[in-house]
Amino acid sequence: QVQLVESGGGLVQAGGSLRLSCVASGNIFSINGMAWYRRAPGKQRELVATITSGGNTNYGDSVKGRFTISRDNAKNTVYLQMNSLKPEDTAVYYCNARVVVWSQRSYWGQGTQVTVSS
């Protein structure tokens, strides 16, 4: 009933920028926290950034100062602006949202590949 669809991934050179988007759709009453995670090949899933419904943000140490998370509550959309990209940022990036339908549940997108070449 609820879908999260990411977009904006791709191939970029080191030092470049990308902007990821994630749109939530379906039978949504409200959305609480939203977040971006990533999984690099051979590594565990890593928290990239979170944002509350009120706009409070939190970042993983590896992306602080380079990435910015934001959201548009009217559009049920969360964004991740990624600047000064490094090869170690290469990963599949996943959107997560805590969505309230009848009760709160955690939903995940299908992921979008980000590849940073050196």
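Going by the structure above, here's the rest.
Quick look at the structure, then. Residue numbers here run from 1 along each chain, matching the order of that chain's written sequence. Only residues with pLDDT of at least 70 are given local features in this predicted model, and only at 80 or more are side-chain atom pairs given and counted; all residues enter the totals for whole chains, interfaces and linings. The side-chain figures draw on all heavy atoms in the structure; neither hydrogens nor water molecules are used.

**Details of the packing of aromatic side chains**
For step 1, the next point in the chain: For Phe, Tyr and Trp, where Trp contributes only its six-membered ring, two rings pair if their centres lie within 6.5 Å, and the inter-plane angle classes them as stacked under 30 degrees, edge-to-face over 60, or tilted in between. Considering all chains together, one arrives at one aromatic pair under this definition.
For step 2, the next point in the chain: Taking the ring centre of Tyr37 as reference, the NZ or CZ of Arg45 above it sits at 5.2 Å. Criterion for a charge above a ring: Lys NZ or Arg CZ within 6 Å of the ring centre, and within 35 degrees of the ring normal.

**With respect to the nonpolar core**
For step 1, the next point in the chain: Counting 32 residues, the largest nonpolar core has Trp36, Leu80, Met82 and Tyr93 as its most contacted members.
For step 2, the next point in the chain: Contributions of two or more residues to this core are made by β1 (2-7), β3 (18-26), β4 (30-39), β5 (46-51), β7 (67-72), β8 (77-82), β9 (91-100) and β11 (112-117).
For step 3, the next point in the chain: Under the DSSP-based scheme used, a helix requires at least four consecutive residues in state H or I and a strand at least two consecutive residues in state E, with every element numbered from the N terminus. At five residues, β9 tops the list of elements feeding residues into this core.
For step 4, the next point in the chain: By the convention used here, residues are in contact when the closest approach between their heavy atoms is within 4.5 Å. Excluding residues that lie within four positions of it along the chain, Leu80 makes contacts with Leu18, Arg19, Leu20, Trp36, Val48, Ala49, Phe67, Thr68, Ile69 and Tyr93. Side-chain atoms within 4.5 Å link the members of a nonpolar core, which is a set of buried Ala, Val, Leu, Ile, Met, Phe, Trp, Tyr and Cys residues. Residue burial is assigned from relative accessible area. The probe radius is 1.4 Å, only protein chains are included, and a residue is buried under 20% of its type maximum, exposed over 50%, and partly exposed in between.

**Quick look at unusual backbone geometry**
For step 1, the next point in the chain: In this model, Asn76 sits at a positive phi of 50°, which is unusual for a non-glycine residue.
For step 2, the next point in the chain: Inspection of the secondary structure assignment puts Asn76 in the loop between β7 and β8.
For step 3, the next point in the chain: Within the chain, Ser84 stands out as a residue other than glycine whose phi angle is a positive 50°.
For step 4, the next point in the chain: Here Ser84 lies in the loop between β8 and β9.

**Thoughts on the sheet that holds β7**
For step 1, the next point in the chain: In short, DSSP must find at least two bridges between two strands for them to pair. Read from one edge of the open sheet, four strands run β1-β3-β8-β7, paired in antiparallel fashion. A single partner strand is all that each edge strand has here, and the edge strands are β1 and β7. Each strand of the sheet is rotated relative to its neighbour by a mean of 15°, with strand direction disregarded.
For step 2, the next point in the chain: Bridge count between β7 and β8: six bridges; the pairing is antiparallel. By the bridge assignment, Ser70 is partnered in β8 with Tyr79. Axis geometry follows a simple rule: fit a line to the C-alpha atoms, using only the stretch in contact for helices, then measure angles between N-to-C directions, giving values from 0 to 180 degrees.

**Overview of the pairing of β9**
For step 1, the next point in the chain: Counting buried positions along β9 gives seven out of ten residues, so the element sits mostly inside the fold.
For step 2, the next point in the chain: Pairing geometry for β4 and β9, over eight bridges, is antiparallel. In the strand pairing of β9, Ile31 is matched with Val99.
For step 3, the next point in the chain: Here three bridges tie β9 to β11, and the two strands are oriented antiparallel to one another.

**As for the side chain of Thr77**
For step 1, the next point in the chain: In this fold, Thr77 is placed in strand β8.
For step 2, the next point in the chain: With relative accessibility at 5%, the residue Thr77 sits in the buried group.
For step 3, the next point in the chain: Polar contacts, as used here, are pairs of N or O atoms within 3.5 Å; protein pairs need one atom able to donate a hydrogen and one able to accept it. Residues neighboring in sequence count only if both atoms are side-chain atoms. A distance of 2.8 Å separates a polar atom in the side chain of Thr77 from the backbone oxygen of Lys75.
For step 4, the next point in the chain: Among residues more than four places away in sequence, those in contact with Thr77 are Cys22, Val23, Met34, Ser70, Arg71 and Asp72.

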